[in-house]
Amino acid sequence: WLSALRFDNLALRSLPVDASEESGPRAVPGACFCRVRPSPLQNPQLVAMSLPALALLGLEAPAGDDREAVEAEAALYFSGNRLLAGSEPAAHCYCGHQFGSFAGQLGDGAAMYLGEVLGPQGDRWEIQLKGAGLTPFSRQADGRKVLRSSIREFLCSEAMFHLGIPTTRAGTCVTSDSKVVRDIFYDGNPKSERCTVVLRIASTFIRFGSFEIFKPPDEYTGRKGPSVNRNDIRIQMLDYVISTFYPEIQEAYSDNSIQRNAAFFKEITKRTARLVAEWQCVGFCHGVLNTDNMSIVGLTIDYGPFGFMDRYDPEHICNASDNTGRYAYNKQPEICKWNLGKLAEALVPELPLEISELILEEEYDAEFEKHYLQKMRKKLGLTQLELEEDSKLVSELLETMHLTGGDFTNIFCLLSSFSVDSDSSKLEDFLEELTSQCASVEELKVAFKPQMDPRQLSMMLMLAQSNPQLFALIGTKANINKELERIDQFSKLQQLTAADLLSRNKRHWKEWLEKYRVRLKKEVERAGAADAWNADRVKVMNSNNPKYILRNYIAQNAIEAAENGDFSEVKNVLKLLENPFREAEDSREVKEDAEEEGASAAAAACAQETGNRLPYCSKPPLWASQLCVT
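Quantities reported herein were computed from a predicted structural model and do not represent experimental measurements. (Residues numbered from 1 in each chain as written. Predicted model: local features only at pLDDT ≥ 70, side-chain atom pairs only at ≥ 80, totals over all residues. Heavy atoms only, no water.)

**With respect to the overall build of the chain**
Across its full length, the chain holds 22 helices and 13 strands. Relative to a compact globule of 630 residues, whose C-alpha radius of gyration would be 25 Å, the chain shows 25 Å and is just as compact. Expressed along its principal axes, the backbone C-alpha trace of the chain runs to roughly 75 × 65 × 60 Å. Put simply, the chain has 630 residues, and 54% of those count as buried. In the chain, 73% of the contacts between residues at least 6 apart in sequence involve partners at least 24 apart. Accessible surface computed for the chain: about 27400 Å², of which carbon and sulfur atoms make up 50%. (Helix = DSSP H or I, 4+ residues; strand = E, 2+ residues; numbered from the N terminus. Rg over C-alpha atoms; globule rule 2.2 N^0.38 Å. Buried < 20%, exposed > 50% of the residue type's maximum accessible area, 1.4 Å probe, protein only. Contact = heavy atoms within 4.5 Å. Areas by Shrake-Rupley, 256 points an atom, 1.4 Å probe, with all protein chains shown as cover.)

**A look at the nonpolar core**
One recurring pattern in soluble globular proteins: nonpolar side chains tend to sit buried together. Grouped together as the largest cluster of nonpolar side chains are 163 residues, with contacts concentrated most on F211, F265, L380, L415, L513, Y516 and L550. The element contributing the most residues to this core is helix α7 (residues 257–282), with 12 residues. Apart from the residues lying within four places of it in its own chain, the contact partners of F211 are I206, R234, M237, L238, V241, I296, L343, A346 and L347. A439, L444, L493 and L501 belong to the second largest nonpolar core, which has six residues in total. (Core = buried A, V, L, I, M, F, W, Y, C linked by side-chain atoms within 4.5 Å.)

**Some details on the environment of L520**
Along the polypeptide, L520 turns up in helix α17 (residues 498–527). For the pair L520 and N534, spaced 14 residues apart in sequence, the C-alpha to C-alpha distance is 9.7 Å. If we skip the residues at most four places from it in the chain, L520 touches L380, L382, F418, V420, W533 and R537.

**Remarks on the pairing of strand β11 (residues 191–202)**
With 10 of 12 residues buried, β11 is to be regarded as a mostly interior element. Sheet topology places strand β8 (residues 124–130) next to β11; five bridges connect them, and they run antiparallel. Bridging from a neighbouring strand, L129 pairs with L199 of β11. By the bridge criterion, 10 bridges tie strand β10 (residues 169–182) to β11 in an arrangement that is antiparallel. Paired with C173 across the strands is V198, a residue of β11. (Pairing = 2+ DSSP bridges.)

**Points about the domain arrangement of the chain**
Split into domains, the chain comes out as domain 1 (2–228) and domain 2 (414–545). The gap between the C-alpha centroids of domain 1 and domain 2 is 40 Å. (Domains from an automatic or database assignment.)

**Looking at a nonpolar patch on the surface**
Taken together, the side chains of L461, L484 and I487 make up a nonpolar region of the molecular surface, amounting to roughly 210 Å² of accessible area. If you trace the backbone, L461 turns up in helix α14 (residues 454–466). For L461, a relative accessible area of 34% corresponds to the partly exposed category. (Patch = residues over 30% accessible without salt bridge, like charges linked within 9 Å, V, L, I, M, F, W, Y side chains within 5 Å. Salt bridge = Lys/Arg side-chain N within 4 Å of Asp/Glu carboxyl O.)

**Details of the environment of E278**
One can find E278 in helix α7. Looking at E278, the relative accessible area reads 11%, which means it is buried. Excluding anything up to four places from it in sequence, E278 contacts I165, H371 and K375.

**Some thoughts on the packing of helix α11 (residues 408–415) against helix α12 (residues 424–436)**
One can describe the packing of α11 onto α12 by two numbers: an axis separation of 9 Å at closest approach and a directional angle of 160 degrees. Comparing their axes, α12 and α11 come out roughly antiparallel. Between α11 and α12 lies a crossing whose hand is right-handed. Contacts from I411, L414 and L415 in α11 reach F430, E433 and L434 in α12. (Axes fitted to C-alpha atoms, helices over the stretch in contact; angles between N-to-C directions. Parallel < 35°, antiparallel > 145°, perpendicular 65-115°, else oblique. Left-handed = near helix turned anticlockwise from the far one by under 90°.)

**Topic: the packing of α14 against helix α16 (residues 477–493)**
As a packed pair, α14 and α16 sit with axes 11 Å apart at the nearest point and diverge in direction by 135 degrees. In terms of their interaxial angle, α14 and α16 are classed as oblique. Here α14 and α16 pass one another in a crossing that is left-handed. Packed against α14, whose contacting residues are L457, M460 and L461, the element α16 presents I480, E483, L484 and I487 at the interface. Residue classes in the contact of α14 with α16 are distributed as six nonpolar, no polar and one charged. (Nonpolar A, V, L, I, M, F, W, Y, C, P; charged D, E, K, R; others polar.)

**What about unusual backbone geometry?**
Look at the link from V348 to P349: it is a cis peptide, with omega at 5 degrees. Along the chain, P349 turns up in the loop between α8 (332–346) and α9 (353–379). Even without being glycine, N229 reaches a positive phi, approximately 70 degrees. Look at D302: it is not a glycine, yet its phi comes out positive at around 65 degrees. Summarising the element assignment, D302 is placed in the loop between β12 (284–285) and β13 (307–308).

Structure representation (structure tokens):
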């Protein structure tokens, strides 16, 4: 099956490869890649494969009789246990600013470039194994990934693609009987977990941090890149990236490298702005937006402690390791702009800073706001007119969601069934539906539960008054204010009844729906034929508001089943996420598809069990709020 893959490893021919074969952790100066070998795993087993992703490589879905043999072949080669003919395993060298500080050399510590496959359409696809063992960039780690993190990356890569958001892809997820020890929450409770490998697919995995290998010693951390003063390599990298991934720019400016590099920087600025606008519109939080996790071609890359927001909270933090909230949902646009500023610094002298900084200021915010508002208009079914007041309508919707603890995904889904002409009884029914997607008193109590010991808080407040310098080292004013706000909210919730909450939520939604109705009436007036306009509005909204996203609790259910040896739930969820905008009321059709494809008795049993749980489109159960991803 895999003999169909045709390799042509352009990156290794175009960029310097380290001559040393030494395998241990080390600095890699003067090179973009170094040769590596995947480390074999015990008894590799296929968890799941994404046929749409593998089709990019020219791999066709196996016929029923061949399925078992194909799955065994995929497990053997995509675990790293055997090398594909034409592949040349290598690890990529890059640096990065992590949580705002320059960290020096990072590189592919757990990922391995296998090569570039020529697809049936003439496209070129870099394929990688993530979790295939030690590389010179593994530092103190072991180069391995585990089942839970691999399932999350595998499912989310494909979920994002089917949502229409630029992303790296995932072809297979292969686990094994090999084990590593992980302290999941860094709390001194390590456990043994199964080594797992994901096949990742993208046009390239080069990132902003790839250009930071030339950075001289950082004024704050003292760290430097491994290839300081190697401007010849920076020129090579720019030539390769622009000619390969931005050929129209290379063609237009072939005789002027500064203009060419400026056009490239302008394009990646606009792509990044559009990408983060797409994230904001589906409630996606990346979690670790370091410069080494930013794609040079504008893809979502490196899925770690990501999360789709459930209850709308502009300050939502999906990564429990992000103590300061640097990468919170509402900070993503400005952080991506900051990262572009670091890329601009890394391109000097091939692109002078005065040129790139001007591009960044002129292009980024305008592109983000334009794309965000265009997408939000579609999510609200505003297809006829583009009015200045639309931005305010969106802001007021989000504020209403925040005040009522509305489920971000499900509220947008419901709005397509709002009728401009509904009478008071229909409006009341609609309000019942909307408020059913808002947080209950119990959910709010969990959300606003104070996180600090009262004695600790008291001590921090005293310290802030008596020794501000020491306080600045161990805490932030914003964190303390947030905790005080949490205590205040939690105290108020003790007196709040479910009936009071419902009444308050209905009042908030009624106010916003009146504004929405007025805006929709302007659409009807422009369209003329009300019925045709409404059908078009509903169609546009349903194709821009996903019904199914990879909520943390859905991923967790699939992970727990897989850790017990049952991979059917991973496959069910993958199938579901391939059609995120579908109209089905629950996941029954997904299970029927699985059964048609010859699912085992174990898979059918898992489908039965899953059917007893909440539908995949439900807002999360209460226990989901306790899930912690680091």
